[in-house]
Amino acid sequence: TSGRVVIIGGGFGGATCAKYLQRFDPDLDITLVEPKQNFVTCPFSNLVLGGLREMDSISHSYEAHSKRGIKVLHTSAREIDPTGKKVQLADGTTLEYDRLVVSPGIDFRWEDIENMSPGDAEKLPHAWNGGPQTVTLRRQLTAMPDGGTVIIAPPANPFRCPPGPYERASMIASYLKQNKPKSKVLILDAKTKFSKQPLFMQGWEALYGDMIEWVSGDAGGRITGVDIAGRALYNELGEEHAGSVVNLIPPQKAGKIAHAADLVDDTGWCPVNQRTFESSRHPDIHVIGDASLAGAMPKSGFAANNHGKVCAAAIVSALHNTTMPEPSYVNTCYSLVGPDYGISVAAVYRYSDEEGIYAVKEAGGVSPGDVGPDFREQEARYTRGWYASITSDTWG
Ligand code: FAD
């Protein structure tokens with residue numbers, strides 16, 4: 001073989017990187033470590049909440065990876081030895097690597113919210129990782145009374161998927177409008193502005209009237225604690241908001257293994273060389289996806305997929321002692337405001353030694369504000385097309 005590469009995490013970053021490593025160099029010995037048999041995406045999990053999709057349609061297996069000759073181990077990585085270049089797995093095996101890729105996604109800063117702990121998920125699901133909590137939150141929505149309030153509390157920046165909480169509010173409102181029209185969605189935000197805000201607000205007014213209310217972080221939106229039993233959130237002024245359904249999205253940091261392996265800095269995220277995604281802290285280990293500090297790029301599945309490809313090129317170049325091609329990066333975040341109402345933000349990025357990954361001026365932007373329903377419907381179609389193509393690029 002031309003080298004041994006181990007990848008921790010089979011999400012958007014890791015699964016893409018494994019596939020493209022194999023494509024760039026079929027002689028590599030590639031092992032993907034991922035505990036889940038089926039990966040449930042966060043993208044389109046808001047559509048499940050809105051009743052537009054079933055869980056099956058957002059679940060993806062690793063069959064295509066196995067068929068290509070990538071070893072897929074369904075267990076988790078417990079420890080990394082950066083000097084001995086070994087990974088210890090939960091099932092007791094040890095893997096040796098020439099290069100290691102770490103794409104573990106996010107973990108939560110529970111300590112930032114008073115009285116909140118991971119065990120409270122059944123009562124207050126964050127549903128910020130695709131999977132069982134998406135189902136719990138959906139069940140709570142279908143069980144709530146007409147006339148109830150759904151509270152969504154998004155965290156401060158940086159966090160996974162900047163437009164995600166607002167797409168979630170939209171999809172929940174879409175469900176409520178049809179099934180429980182006397183209900184409300186209250187967004188208590190830690191921030192004072194959010195991604196695609198004017199477009200979201202325009203869409204909310206057009207589709208849902210005043211069903212969705214957004215409270216800014218400087219007007220009492222910033223949540224500091226919870227009352228689990230009372231299904232309530234409180235802010236720094238001690239004001240309490242109780243809801244029929246409460247979706248508190250906690251502040252975030254890089255996934256656990258990144259902390260255990262000393263790959264994070266004091267931001268809680270992983271600093272990397274943004275051209276190769278090699279860790280700034282340990283050589284021959286690359287960190288990609290949400291866990292990495294990737295300059296101007298947002299924490300998105302699209303971005304993680306992109307990192308996976310750039311990182312694969314960097315690793316193959318390094319193992320073969322060849323010059324790596326100059327990377328170009330791209331991201332588009334589509335959001336559905338209604339079933340036939342899509343909006344998007346897109347950007348192209350390049351790398352420089354001074355700035356790291358920066359957005360190329362005038363090479364992106366958001367959907368126009370002054371267009372009719374046909375345009376929004378077309379973007380809703382693009383949204384569905386995007387999901388089909390990115391998931392087939394990542395797991396297909
Ligand atoms: P993940 O995809 O989370 O993958 C991490 C994987 O690592 C997991 O499978 C986990 O099991 C595994 N893992 C963790 N620790 C270990 C370990 N120790 N050993 C082995 N495996 C481990 N992005 C978009 O581009 N478009 C969207 O429309 C969009 N919508 C979203 C909607 C919502 C509601 C949310 C929450 C997010 C959305 N995102 C979207 C963001 C997207 O989900 C993330 O940015 C993306 O999943 C990041 O990829 P990743 O590889 O970093 O992490």
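Note that the structure is predicted; figures quoted are calculated from it, not measured.

**Overview of the site of the ligand**
Step number 1: As a matter of local geometry, the ligand sits amid 33 residues, with G13, E34, R160, D290 and F302 nearest to it.
Step number 2: Note that an oxygen atom of the ligand is positioned 2.8 Å from one of the side-chain N or O atoms of D290.
Step number 3: In the environment of the ligand, a nitrogen atom lies 2.9 Å from a nitrogen or oxygen atom belonging to the backbone of G301.
Step number 4: If the ligand stood free it would expose 1000 Å²; the protein chains cover 93% of that surface.
Step number 5: For the shell around the ligand, the leading source of residues is helix 8 (residues 301-319), giving 3 residues.

**So, the nonpolar core**
Step number 1: One finds L21, I80, W204 and L233 to be the most contacted residues of the largest nonpolar core, which totals 118 residues.
Step number 2: A per-element tally of this core places helix 8 first, with 9 residues.
Step number 3: The contacts of L233, once residues within four sequence positions are left out, are L124, I151, A153, L188, I223, G225, V226, E239, E240, H241, V246 and L248.

**Observations regarding the packing of aromatic side chains**
Step number 1: On inspection of all chains with the given rule, the structure shows 14 aromatic pairs.
Step number 2: Taking the centre distance of 5.9 Å and the plane angle of 65° together, the rings of Y20 and F24 count as edge-to-face. Here F24 and Y20 lie together in helix 1 (residues 12-24), a separation of 4 residues that amounts to about one turn.
Step number 3: Overall, Y20 belongs to the buried group, its relative accessible area being 11%.
Step number 4: Overall, F24 belongs to the partly exposed group, its relative accessible area being 39%.
Step number 5: Consider the rings of F200 and W204, whose centres lie 5.8 Å apart with planes at 40°: the pair is tilted. Here F200 pairs with W204, and both are found in helix 6 (residues 197-208), just 4 residues apart, close to one helical turn.
Step number 6: By relative accessible area, F200 is classed as buried at 0%.
Step number 7: Overall, W204 belongs to the buried group, its relative accessible area being 4%.
Step number 8: Here the aromatic cluster, defined as three or more aromatic residues joined through ring pairs, consists of Y166, F194, F200, W204 and W214.
Step number 9: Sitting over the ring of Y175, R138 keeps its end group 4.7 Å from the ring centre.

**Notes on the packing of helix 4 (residues 132-143) against helix 5 (residues 164-179)**
Step number 1: Where helix 4 meets helix 5, the closest approach of the two axes is 11 Å, and the angle between their N-to-C directions is 35°. The handedness of the crossing between helix 4 and helix 5 is right-handed. Residues L137, R138, L141 and T142 of helix 4 touch helix 5, and the partners they reach there are R168, I172 and Y175.
Step number 2: Taken together, the residues that form the contact of helix 4 with helix 5 break down as 4 nonpolar, 1 polar and 2 charged.

**Focus on the confidence of the model for the protein**
Step number 1: Looking at the protein as a whole, its pLDDT mean stands at 97, while 100% of the residues score no less than 70.
Step number 2: Taken over the whole predicted complex, pTM reads 0.98, whereas the ipTM for its chain interfaces reads 0.99.

**What to know about the sheet that holds strand 7 (residues 86-89)**
Step number 1: With antiparallel pairing, 3 strands are arranged side by side in an open sheet as 6-7-8. Both edges of this open sheet fall to strand 6 (77-81) and strand 8 (94-96), since each of them pairs with a single strand only. Geometrically, the sheet is characterised by an average inter-axis angle of 20° between neighbouring strands, direction not taken into account.
Step number 2: Relative to strand 8, strand 7 runs antiparallel, the two being bridged by 3 bridges. Bridge pairing links K86 to E96 in strand 8.

**So, the packing of helix 1 against helix 9 (residues 373-395)**
Step number 1: Where helix 1 meets helix 9, the axes come as close as 7 Å, and the angle between the chain directions of the two elements is 60°. Taken together, helix 1 and helix 9 sit at an angle that is classed as oblique. Where helix 1 abuts helix 9, its residues F12, A15, T16, K19 and Y20 lie against I390, S392, D393, T394 and W395.
Step number 2: Tallied by class, residues from the contact of helix 1 with helix 9 come to 5 nonpolar, 3 polar and 2 charged.

**A few points about the sheet that holds strand 11 (residues 149-153)**
Sheet strands pair via backbone hydrogen bonds, and the direction of the pair is either parallel or antiparallel.
Step number 1: Taken in spatial order, the 4 strands make up an open sheet running 13-12-11-17, and their pairing is parallel. Both edges of this open sheet fall to strand 13 (212-215) and strand 17 (245-248), since each of them pairs with a single strand only. Pairwise comparison of adjacent strand axes, ignoring direction, gives a mean angle of 15° for this sheet.
Step number 2: As judged from the 4 bridges shared by strand 11 and strand 12 (residues 184-188), these two strands associate in the parallel manner. Residue pairing across strands places I152 opposite I187, the latter belonging to strand 12.
Step number 3: Packing of helix 5 onto the sheet brings it into contact with strand 11, strand 12, strand 13 and strand 17, and relative to strand 12 it is tilted by some 165°.
Step number 4: Strands strand 12 and strand 13 of the sheet are contacted by helix 6, whose axis makes an angle of about 150° with strand 13.

Rules behind the numbers
Residues numbered from 1 in each chain as written. Predicted model: local features only at pLDDT ≥ 70, side-chain atom pairs only at ≥ 80, totals over all residues. Heavy atoms only, no water. Near = heavy atom within 4 Å. Polar contact = N/O pair within 3.5 Å; in protein donor to acceptor, adjacent residues only side chain to side chain. Areas by Shrake-Rupley, 256 points an atom, 1.4 Å probe, with all protein chains shown as cover. Helix = DSSP H or I, 4+ residues; strand = E, 2+ residues; numbered from the N terminus. Core = buried A, V, L, I, M, F, W, Y, C linked by side-chain atoms within 4.5 Å. Buried < 20%, exposed > 50% of the residue type's maximum accessible area, 1.4 Å probe, protein only. Contact = heavy atoms within 4.5 Å. Phe/Tyr/Trp six-rings, centres within 6.5 Å; stacked < 30°, edge-to-face > 60°. Lys NZ or Arg CZ within 6 Å of the ring centre and 35° of its normal. Axes fitted to C-alpha atoms, helices over the stretch in contact; angles between N-to-C directions. Left-handed = near helix turned anticlockwise from the far one by under 90°. Nonpolar A, V, L, I, M, F, W, Y, C, P; charged D, E, K, R; others polar. pLDDT = per-residue confidence, 0-100. Pairing = 2+ DSSP bridges. Parallel < 35°, antiparallel > 145°, perpendicular 65-115°, else oblique.

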